Structure formats: structure tokens, C-alpha cells
Amino acid sequence: MFYRQDSCNFIGEIGYHGCTSISSIRKFIPEDKLWPPYDNEDWIVHCTDPQGKDGIYAYRIRLIANQIRELFGEVPDDMEDFVLASQISQAEAKKFFIEYARQKKWKRTGIIWWNAMDGWPQFSDAVIDYYFNKKLACYYIKRSQQPVTILMKEPDNWACELMIANDSDQSAQGSYEVIDADTDEIIAQGEFFSPANENRTVERIPVSNGVQKLYLLKLHLNGKTIVNHYMHGHSPFNFKKYKQQLKKIADLDGSFDADKIGK
């Protein structure tokens, strides 16, 4: 709610934590300290507080868990799902920050999200870890930051605006489609024209505030397909269902393998 109500003209720094992949964690956390993460000195030191449980940043492991709970209503009790849920919550949060900033152009003129890559092995808000493994957020951000992309705004008056966000210096013309991920039904499609450096609303998608939906978005432009997705509804979302839907999100352009995220 805070991020939907702020009025800043430029977002100077914004971040969200996400666990690094299990293959990376095993390189810097001893096998007997891998789980559970709470009150775990090894996790705390790498999250990042060299003073351990008494340090000012020792809360960050609990913060990661709370961020998972904020999105899914519960925290997985095994390491594999904990890591995946953490990467999903980070990816959706950073995606939201970037897209919300783009939607408010020119009232809002930019965003600096934190950060790109870790400088040492740790649990952090970076999207690429110390071992060069990409978190899910890296792929979501790449889609959200395309010079021309397709977005859905937060619901207003029982509908979500479908927007073409054009941050390039060239006009854009093509077609779009919106797919209901539950039914694979195309619920909206049409042609669009977007002037250079301008946002253009092309359609209003009727929604119910009491229903959760995943919408798959496609933009056909200059022989290429630009993709995105939008989660509609109030949290908590169902983690098991999201894990299944993650494959559909990945298959939009094949840029990542859903089965390898967090591994």
C-alpha cells in the first residue's frame, strides 16, 4: 500500500531481498547449518551482519521470511521451497516497483533499483549472486525494462488499464494480446500505436477485486514478441499454484527454465 501512495518524482534507491540459489548457498554455508535459517549464525553473517545474532542487521533472515508470508500467507518449512518462494517474492516486488514507476511517466521520471550483483556470498537484494547465478528477478526485470513493453496497471473502478509503455525515441506500432493463464483463453487483443517516449492505454480489462488471476501479456512489434505478466488480486496467493504457473510465465519467451529457478 505504501508504494501505491507515494508521491516521489524520482525513486533514488529501492530494493527487495531474495535468497540466492541452493547451489550457491551450499558453497558458503556448511552442510550441517543449511537449515533451518532462523537464529542461524551462518545465515545471519551472510545476510549481512558479521556481529551475528546481536548485530543490527540480524533481522534480515526474518525479513525474508516475512516477505514470503506477505505474498503467500505462509512460509515453507523446507529449504527448496523457501528459496523459491523468496525468489518469487523478490521478483514480483521489483517488477512492481519498475512498472509502477514507468506507468507514472512524466510525473515520475526514473527509478534506481538495488542492486545488480553481490560482492561476496550472501542473501541480499541483488538479482545476480556472487557466483554469477541469476535470480528470478533478473528475468522479470529484463522484461519490465524493455524500451517498449506491455503493462497492466493496478485495478481502478473494476478494471485494469492495459498500457503500452514506450521509453524509446521511436514510435511503435503492432498488436497485443492478453491471455488468462487459468484457461489459456485470449481475453483481449488488438492493434496499437504508441508515440515515441509516451505511454498509451489501449484497453481496460474488466476484473473482480475478489478474484485472483494471472494474465499473460504479449506485444508483437517489428517481427518480435515482447512478453510480460500481471498478477491480479489481493494476497495471499497460493504458492503451489504459482509454482505451476511459473512454467507458463517462463514459456512466454523461453528466457529461463522454471524448473531450475532457485536450484
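Refer to the structure presented above.
In this report, the structure presented in the accompanying data block is examined. (Residues numbered from 1 in each chain as written. Predicted model: local features only at pLDDT ≥ 70, side-chain atom pairs only at ≥ 80, totals over all residues. Heavy atoms only, no water.)

Time to look at the overall build of the chain. The helix and strand inventory of the chain stands at seven helices and nine strands. Relative to a compact globule of 263 residues, whose C-alpha radius of gyration would be 18 Å, the chain shows 19 Å and is just as compact. When the 263 residues of the chain are sorted by exposure, 52% land in the buried category. Expressed as a percentage of contacts within the chain between residues at least 6 apart in sequence, the contacts between residues at least 24 apart total 63%. For the chain, the accessible surface area stands at approximately 12,900 Å², while carbon and sulfur atoms represent 49% of it. The averaged location of the 37 negative side-chain charges in the chain is 2 Å from the averaged location of its 32 positive side-chain charges. (Helix = DSSP H or I, 4+ residues; strand = E, 2+ residues; numbered from the N terminus. Rg over C-alpha atoms; globule rule 2.2 N^0.38 Å. Buried < 20%, exposed > 50% of the residue type's maximum accessible area, 1.4 Å probe, protein only. Contact = heavy atoms within 4.5 Å. Areas by Shrake-Rupley, 256 points an atom, 1.4 Å probe, with all protein chains shown as cover. Lys, Arg positive; Asp, Glu negative; His and termini not counted. Charge placed at Lys NZ, Arg CZ, Asp CG, Glu CD.)

Hydrogen bonding along the main chain pairs the strands of a sheet, whether they run parallel or antiparallel. Strand order across the open sheet formed by three strands is β3-β4-β7, with antiparallel pairing between neighbours. Every interior strand has two partners, whereas the edge strands, β3 (148-152) and β7 (198-206), have only one. On average, each strand axis in the sheet is tilted by 20° relative to the strand beside it, whichever way the strands run. With eight bridges joining them, strand β4 (residues 159-166) and β7 adopt antiparallel strand pairing. Residue pairing across strands places Ala165 opposite Asn199, the latter belonging to β7. Seen against the sheet, helix α5 (residues 79-103) touches β3, β4 and β7 and runs at an angle of roughly 100° to β3. (Pairing = 2+ DSSP bridges. Axes fitted to C-alpha atoms, helices over the stretch in contact; angles between N-to-C directions.)

Ile25, Trp43, Phe72, Phe123 and Phe256 are the most contacted members of the largest nonpolar core, which has 57 residues in total. Sorting elements by how many residues they give to this core places α5 first, with 11 residues. Setting aside residues up to four positions removed in sequence, Ile25 forms contacts with Thr20, Leu34, Trp43, Met79, Val83 and Phe123. Counting residues in each nonpolar core, the second largest holds 19 residues, with Ala188, Phe192, Val207 and Leu221 among its members. (Core = buried A, V, L, I, M, F, W, Y, C linked by side-chain atoms within 4.5 Å.)

Oppositely charged side chains can pair when the atoms bearing their charge come close. One pass over the full model with this rule turns up 16 salt bridges. The residue Asp253 makes a salt bridge to Arg143 at a minimum N-O spacing of 2.6 Å. A residue pair is termed long-range when its members are at least 10 positions apart, and Asp253 in the segment after α7 (239-251) and Arg143 in helix α6 (residues 136-144) qualify at 110 residues. Judged by relative accessible area, Asp253 falls into the partly exposed class, the value being 38%. For Arg204, the salt bridge identified is with Glu161, shortest N-O distance 4.0 Å. Of this pair, Arg204 sits in strand β7 while Glu161 sits in strand β4, placing them 43 residues apart in sequence. Residue classification places Arg204 among the partly exposed residues on the basis of a relative accessible area of 38%. By relative accessible area, Glu161 is classed as partly exposed at 22%. (Salt bridge = Lys/Arg side-chain N within 4 Å of Asp/Glu carboxyl O.)

This part covers α5. Here α5 contains 25 residues, and its C-alpha end-to-end distance of 36 Å stays within 8% of the 36 Å for a straight helix at 1.5 Å per residue. Across the 25 residues of α5, 23 count as buried, placing the element largely inside the fold. (Expected span 1.5 Å × (residues − 1).)

Glancing now at the packing of aromatic side chains. Considering all chains together, one arrives at 13 aromatic pairs under this definition. Taken together, a centroid distance of 5.2 Å and an interplanar angle of 15° make the contact between Phe96 and Tyr100 stacked. Taken together, the positions of Phe96 and Tyr100, both in helix α5 and four residues apart, correspond to about one turn of that helix. Three or more aromatic residues link up through ring pairs in this structure, and these residues are Phe28, Trp35, Tyr38, Trp43, Phe82 and Phe123. Here the guanidinium or amino end of Lys27 rests over the ring plane of Tyr131, the centre of that ring lying 4.6 Å away. (Phe/Tyr/Trp six-rings, centres within 6.5 Å; stacked < 30°, edge-to-face > 60°. Lys NZ or Arg CZ within 6 Å of the ring centre and 35° of its normal.)

With that settled, consider a nonpolar patch on the surface. A grouping of Ile56, Tyr57 and Tyr59 is seen on the molecular surface, where their side chains present a nonpolar patch of about 330 Å² in accessible area. Relative to the assigned elements, Ile56 resides in the loop between α3 (41-45) and α4 (60-72). Classification of Ile56 as exposed rests on a relative accessible area of 62%. (Patch = residues over 30% accessible without salt bridge, like charges linked within 9 Å, V, L, I, M, F, W, Y side chains within 5 Å.)

Attention now moves to the pairing of β3. Regular strands have side chains that alternate between both faces of the sheet. β3 sits mainly inside the fold: five of its five residues count as buried. A two-sided burial pattern is seen for β3, the buried positions comprising Val148, Ile150 and Met152 on one face and Thr149 and Leu151 on the other. Here five bridges tie β3 to β4, and the two strands are oriented antiparallel to one another. Within the sheet, the bridge partner assigned to Ile150 lies in β4 and is Ile164. Between β3 and the antiparallel strand that follows it, β4, lie six residues; Asn157 among them carries a positive phi value of about 55°.

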